[in-house]
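# Summary of structural features
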Amino acid sequence: MSLLTEHSFVQIQRVSGYQHAESLQSSALLLFVNPDALTLWNIRREILLQLRDAYEENNLKQLQCLQEEMSLDSNNEGGSNESQGPALESVSCSAVAGCGNLKALPASWLELISAELAVVSSCLQTNPKSYGAWHHRLWLMEQLCTAASAEQARTAWKEELALCTLFLTKDERNFHCWDYRRAVVKRSCVGPVQELQFSLGLIERNFSNFSAWHYRSKLLPLIHPAAPQSPLPVDEKIFEKELQRVVEAVFTDPGDQSPWFFLRWLLHRQPSLPRFVQVAVHEHNGGVVRVICNFTSPVEDSYVQQHLTLPNSAVPVWHSASGRQYDCVWFTEVENGPNTELHVEASGTVYIVPVGDKSCTSITLARSLSVPPVSTVLSALHKLLRDCNLLHEIDADNKWVLLSLVELLCALGGEDELTRAITIFGRLCAVDPLRTGYYTDRKSSLVLRETVSRHLKRDIASETEAELDCSGLSLTRIDCLHLLACIPRINLSNNRLNSLTGASRLLACSTLILDGNPIEDLNPLRWLKRLRVLYLAGCGLHTCDVLCPLASLPALHSLNLKCNEFNQEQTLLIREAFGHIQSLDM
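Note that this is a predicted model, so its numbers are computed, not measured.

On to the pattern of salt bridges. Applying the stated criterion across every chain yields a total of 19 salt bridges. Notably, a salt bridge pairs Arg154 with Glu151, separated by 2.6 Å at the nearest N-O pair. Remark: Glu151 and Arg154 occur in helix H7 (residues 150–170); sequence separation between them is three residues, near one turn of the helix. For Arg154, a relative accessible area of 42% gives the class partly exposed. Look at the salt bridges and you will find they share partners, linking Arg216, Glu242 and Arg245 into a network.

Okay, structure coming up:
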């Protein structure tokens, strides 16, 4: 029978009603040739579920018959039990009579599942990376363990774990088998310590086993969690041991990317608990004062209420800048009457903040945006830096060495280290031009955070509107705008920004300089109700429509649109639309 005929035969049976033994046999022949035929696996599951019901009904009727025989025996003492066998046989035949042809099928449900697992094993030998075969095997194991005893289930999962080990020995990068192994481990009594040892064995056999390194990165935090507030992904002692192991691997073959990925995971700083960055206060409207605060990571309103209070004011209602439940930027408005100062208590310290009509006073609460590493880890990082520098001298264009140097320098966090990391990103663009966009965005993020860090190291409180100068830094993105939420004057001119996504968080901003950026969308600026002065000179704007979001800004009184590409008609439309503002330069 040809494959096409077999497939047609199975489909016809699916419509007209399965003949179970023939359908299983026909679909098995097809799957031996092509284990990726998902429809056939679905058909087999349908057949097996029908057979499961038939087996259960058969067992129930056998039990009922046995109970009747026992009752009959109790009523007729001394009677013969010879009729019990034929009675059970007749019940067994009648129970499955309406369920298709059960000829040549196993006598029990567990035996049928075991036979089906053998079919899957044969298909996996044909294609060890078949999605359908691995999925069907997991479904079969769940069916088997549901019907089997606890001891049988443990034995079955143990055998499956051995099967996974065998397949991974043949092909250590078979991610289908890795996924199946994780599912087996989750359902069995195997602990993460045993699996961690298994991953180590694979790595020692082959340093290039990316899947084993990845598996190790998932298991280590479960077995050796890092201390609270630690920037490390694992415990300090384990961190040093893993660092030594991965360094040996990268020195063995500096061109192999697998251990480099694990090293980058080790060096990546973990998120710490939210910390206050700044609090800004300004008079919003006739005795109403707006208070703005920002954090290093997203929090909800209850966290803000717990850590920031206004002693001489009513209990405030906090609103997120984005309207979401968790946000890095929050604000509230409180009645302050004729008072010229506001008491703000942040993290147990009370600040007396002057309130002015036009000025915005900001209080800096965090002088650093990151937690420095402890001394023991610091010495390990410096040793690793020397090793990476040695590899860099041997192969200056190895991008994995360069990327790890960036992560390492960022982990050290010193000003000199960050300056060197920024320089390395430029080298990476030349070494790996296909990922230039990624490197320039990472560089922009690092440059902006470093600029903001220097800005935060100024005086704790100042009534003057200090300007954050980020001009001419070749920024391509601004992904940490929440750190700028309490800064009144921001200069982002002469960069390469084409998106202002997230600019709605600049709640304290009154002056925004965007000259010389190829901006495509000004819509995020419509939320800046305090914005008074906006510079958009030389941004390549050419239509009036792009300026529509600015018409809703109530405080805007100065708009600079020089050196753009508006024609005479567009210029007239702009002057008509923005005739109400005091200063319009075109």
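Moving on from the coordinates now.
Before going further, it helps to examine the sheet that holds strand E12 (residues 511–513). Strand order in the open sheet formed by six strands is E10-E11-E12-E13-E14-E15, with parallel pairing between adjacent strands. In this open sheet, the two strands that pair with only one neighbour each are strand E10 (467–469) and strand E15 (583–585). Adjacent strand axes in the sheet meet at a mean angle of 5°, parallel and antiparallel pairs treated alike. Pairing of strand E14 (residues 558–560) with E15 involves three bridges; the strand directions are parallel. Bridging from a neighbouring strand, Leu559 pairs with Leu584 of E15.

Its place among the elements puts Arg575 in helix H18 (residues 568–577). A sequence separation of 31 residues divides Arg575 from Cys544, and the C-alpha atoms of the two residues are 9.8 Å apart. If we skip the residues at most four places from it in the chain, Arg575 touches Leu584 and Met586.

With that settled, consider helix H9 (residues 192–205). Its 14 residues give H9 an end-to-end C-alpha distance of 20 Å, which sits within 8% of 20 Å, the value for a rise of 1.5 Å per residue. Buried within H9 are the following residues: Glu195, Leu196, Phe198, Ser199, Leu200, Leu202 and Ile203. In this fold, the buried residues of H9 make contact with H7, helix H8 (175–187), helix H10 (210–223) and helix H11 (236–252).

Here is what the cut-offs are and how they apply
- Every residue gets a number counted from 1 within its own chain, in the order that chain's sequence is written.
- Confidence filtering applies because this is a predicted model: local features only for residues at pLDDT of at least 70, side-chain atom pairs given and counted only at 80 or more, and all residues used for totals across whole chains, interfaces and linings.
- Computation of side-chain values: all heavy atoms of the structure, hydrogens and water removed.
- In what follows, salt bridge is the name for a side-chain nitrogen of Lys or Arg lying within 4 Å of a carboxyl oxygen of Asp or Glu.
- Only runs of H or I of at least four residues qualify as helices and only runs of E of at least two qualify as strands under DSSP, and these elements are numbered from the N terminus.
- Partly exposed describes any residue whose relative accessible area lies between the buried limit of under 20% and the exposed limit of over 50%, with all areas from a 1.4 Å probe on protein chains only and scaled to the type maximum.
- DSSP bridges decide pairing: two strands pair if at least two such bridges lie between them.
- Interaxial angle, 0 to 180 degrees, is taken between N-to-C directions of lines fitted to C-alpha atoms, where a helix line uses only the stretch in contact.
- Any two residues having at least one pair of non-hydrogen atoms within 4.5 Å are treated as being in contact.
- Between the first and last residue of a helix there are one fewer steps than residues, each counted as 1.5 Å, and that sum is the expected span.

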